[in-house]
Amino acid sequence: MTKTITTDFAVVGTGAGGSVVAYQLAAAGARVTMLERGAWLHPKDFSHDEPEMIARIYKDGGAQTNNDADMFVLQGNCVGGSTVLTNAVCFRMPEDIRQSFEQHGCTLPRELLQQSHARVESVLGVSPLPSAVHNPATAVLADGFAKIGADHGGFDKAMQECIGCGYCNVGCRYGRKLDASQTWVPMALQRGADLVPEIDIVRIEHTRGHVRALLGRDKKTGESVRIVAERYVLAGGAINTPELLLRSGLHKGRAGKGTSFNAGGIVFGEFAQDLDGFAGDQMCVHHIGDRYVIEQIQNPPVSLALTMPGFYGDHAERMQRFRRMAALGVLVPTKPTGEVFLGLGHKLFRRLFDHADIRYRLSDEELRDFRDGCKAAARAMLAAGAKSVFMPCATPVPIHDEGDLDRVDDAMRSQSDLVGFGSSHPQGGACRGSDRHSVVDEDFRVRGVDNLFVADGSVFPHSVRVNPMLSIMATADFASRSIGDLTPAEHILEGPAHEHRQRTMTAKEAGA
Amino acid sequence: MSLNGRIALLAILALAVAPIWLVLSPFGWLAWRRGRRDARTRGLRVLNMIQARAVMAHAEATLPAPPEGGWFVVAQNVDRYLATVDSPRHWRSHAVLVALEFAPCLRLRRPLSRLPLAARRTFMERHLATTKGLLAIPALARQLIRMGYYTDAGIAKSLGFRTMTERRSDERRSDERGSDAPHSNKAVG
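Residues numbered from 1 in each chain as written. Chains lettered and ligands numbered in written order. Predicted model: local features only at pLDDT ≥ 70, side-chain atom pairs only at ≥ 80, totals over all residues. Heavy atoms only, no water.

1. Regarding the overall build of chain B
A tally of helices and strands in chain B yields 9 helices and 0 strands. Accessible area for chain B stands at about 10,000 Å²; split by element, carbon and sulfur atoms hold 61% of it. (Helix = DSSP H or I, 4+ residues; strand = E, 2+ residues; numbered from the N terminus. Areas by Shrake-Rupley, 256 points an atom, 1.4 Å probe, with all protein chains shown as cover.)

Have a look at this one:
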């Protein structure tokens, strides 16, 4: 028996892209249905039990890798998508990236994009992370950056009265992180949208350039579901959107191509004194270079163990010095050379391989940039007083001073030499452009299909270099103009951040 | 070679020795059934005892001290994680744990959990400490076991980790004393 859902707009995915579009469409008065593979979790459902949360809110329990199994690709699998797993870091899309997108035919007019950025920031309550919740390793690392003459700064984050528990990556159990599940999704629901969690959309039914329905399966009951809408918006992220296009026979040979990442690994520094980097917000200081970004990332025990280099005895020894460890993640924006595709396994043994495969290898140039980023992170740590630095590679490279850094080149010659290498920021795969070879046209419409749109990070022609959450949300806000033929309101005066601002203002007035 | 390619290669190799499998399969089937029954008796939801033994043997050989409840706690935690994951890639984790148990057999040795501790350690350090080739597959097993071990509250505490609740009560105590704790958030500017 098949259940049928009828709506005006069916939005697949509730992450950074889908949630924003769903809200804007609902705010304009349309009937919107949000479809999400994962569950909808209340902050009370989150815990600090890392394995359980990783299993519940990460796609494939955090075990999604590229085809060579030497790069993990982390994505969310719950209402709010990957925004629930982020550290709420908000960077606007850099201007040089916007210009480069424009050259690729992915035009985002400067003025309109700035308006979208501002609108999104106001909903997320983006503000600088207060120093009161910085973890104790922050000051040490900031000092290291200063000593090597590297520009550094704190983060603007989508948080409200963060208490610095240090568990951002397993969802915020205190409801302080203003991710999509705390902002756009409930706001869309308040405007009359519907949400169907735990539904797997498996195929797009289309004929003669027109989508007839989305075919899905209710994960709780196993029931088949058919979603019929006027327009359909794909926003499942840079892996799932191309996967759904490919499964549906749309843009074969193009969809999935041009996938890029902010890919990287973590450099650890061991200090003589206890730093207790776990006692505060995980990410408090960063440095943006021309070719790489370095961001502090202090993890709780399990995540630290999963990213710490070393095999057996040496790994365990390093873990014993947990309190003395500072960690800097090095991210490299990769070229759009990755690919999402349906492999032979999917065709022959779908029961075992019912997923898209990801093909990606770092180029020599990207590997060099990553090595250089790791060296810069190591220099900052050594300058800050680290007595040893551990590089994210399989071959142990003891680094005690700058002279040892030359040995890094030999130890990190290929992607398979790396340990804990991966990305939480996949982008591209359904690239938007003005030429007829792009999957998505300038109106965010899938070429050749009149009522199918894409509004997530998969439309990016290449990586945005910085953490992409805000860029994706702003792009989705901009895309909602074409998708819903609407003009978004200049200001959004609702949501938890707005209410918080109102409360603060009222309290101030009462105080005055 | 891709992971799927490696698995396909393994399958081809397995087919090549099909007659041996044919002879061994009834015994394997019986052992698997028994392992599953034992695992359910011991409260494991998805792991087979063959896999649980591999987890415990691996953990014992590579990690410093057992959790308070013994090495079985690591297997329980891995089981809890695997029972919660909903993924089409799920079977890989199970296959990798079985492969881990029987990896020494490829070198004509006893299964991992039957090897003496020193021999187990040597085997793992010599053959499994790599990120390359077919033997990189146990990397997934390593991660599962680390996850199962370091999630234990006692182990985390032994590393010096303090939970949010403990930190908050530390801060309250420090406030009551009227001084900043050395690593309280307040001490950092």
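2. So, the overall build of chain A
Counting its regular elements, chain A contains 14 helices and 20 strands. Its C-alpha atoms give chain A a radius of gyration of 22 Å, near enough to 24 Å, the size a compact globule of 512 residues would have. Taking the principal axes of its C-alpha atoms as reference, chain A extends roughly 70 × 65 × 45 Å. A buried classification covers 65% of the 512 residues belonging to chain A. Pairs at least 24 apart in sequence give 75% of the contacts found in chain A among residues at least 6 apart. Here chain A has roughly 18,000 Å² of accessible surface; of this, 48% comes from carbon and sulfur atoms. (Rg over C-alpha atoms; globule rule 2.2 N^0.38 Å. Buried < 20%, exposed > 50% of the residue type's maximum accessible area, 1.4 Å probe, protein only. Contact = heavy atoms within 4.5 Å.)

3. Some points on the pairing of strand β19 (residues 422-427) of chain A
Regular strands place their side chains on alternate faces of the sheet. Residue and element names in this part refer to chain A. Within β19, 5 of the 6 residues are buried, which leaves the element mostly enclosed by the surrounding structure. Where strand β4 (residues 72-73) lies against β19, 2 bridges are found, and the strand directions are parallel. Paired with Val73 across the bridge in β19 is Ser423. Of the pairings in the sheet, the one linking strand β12 (residues 257-270) to β19 comprises 5 bridges and is antiparallel in character. Paired with Ala263 across the strands is Ser423, a residue of β19. (Pairing = 2+ DSSP bridges.)

4. Some words on the sheet that holds strand β2 (residues 9-12) of chain A
What links the strands of a sheet is backbone hydrogen bonding, and the strands pair in either a parallel or an antiparallel sense. All names here are of chain A. Read across the open sheet, the 5 strands follow the order β7-β3-β2-β11-β20; overall the sheet is parallel. Sheet topology places β7 (194-196) and β20 (452-454) at the edges, where each strand pairs with a single neighbour. Recorded for the sheet is a direction-independent mean angle of 20° between the axes of neighbouring strands. In the sheet, β2 pairs with strand β11 (residues 231-234) via 4 bridges, with the strands oriented parallel. Within β11, the position partnered with Val11 by the bridge is Val233. (Axes fitted to C-alpha atoms, helices over the stretch in contact; angles between N-to-C directions.)

5. Examining unusual backbone geometry
Of note in the backbone geometry, Asp60 of chain A takes a positive phi value of approximately 55° without being a glycine. The phi dihedral of Leu108 of chain B falls on the positive side, at around 60°, and the residue is not glycine.

6. A short note on the nonpolar core
With 134 residues, the main nonpolar core has Trp184, Leu245, Met391 and Leu452 of chain A as its most contacted residues. Not counting residues within four places of it along the chain, the set of residues in contact with Trp184 of chain A comprises Ser19, Val20, Tyr23, Val120, Val123, Leu124, Met473 and Ile492 of chain A. Judged by nonpolar contacts, the second largest core, of 80 residues, contains Tyr58 and Val302 of chain A together with Ala39 and Tyr149 of chain B. (Core = buried A, V, L, I, M, F, W, Y, C linked by side-chain atoms within 4.5 Å.)

7. Concerning the pairing of strand β14 (residues 293-296) of chain A
Residue and element names in this part refer to chain A. Here β14 shows two buried faces, one formed by Val293 and Glu295 and the other by Ile294 and Gln296. Bridging between strand β13 (residues 286-288) and β14 involves 3 bridges; their strand directions are antiparallel. Residue pairing across strands places His287 opposite Ile294, the latter belonging to β14. What sits between the antiparallel neighbours β13 and β14 is a turn of 4 residues. As defined by bridge partners, β14 adjoins strand β15 (residues 325-333) across 4 bridges and the pair is classed as antiparallel. Of the residues in β15, the one forming a bridge with Val293 is Leu331.

8. Some points on helix α5 (residues 137-147) of chain A
Residue and element names in this part refer to chain A. For α5, every residue scored as buried is listed here: Ala137, Thr138, Val140, Leu141, Ala142, Gly144 and Phe145. Packing partners of the buried residues in α5 comprise β13, β14, β15 and α11 (364-383). Just downstream of α5 lies Gly149, where phi reads positive at about 75°.

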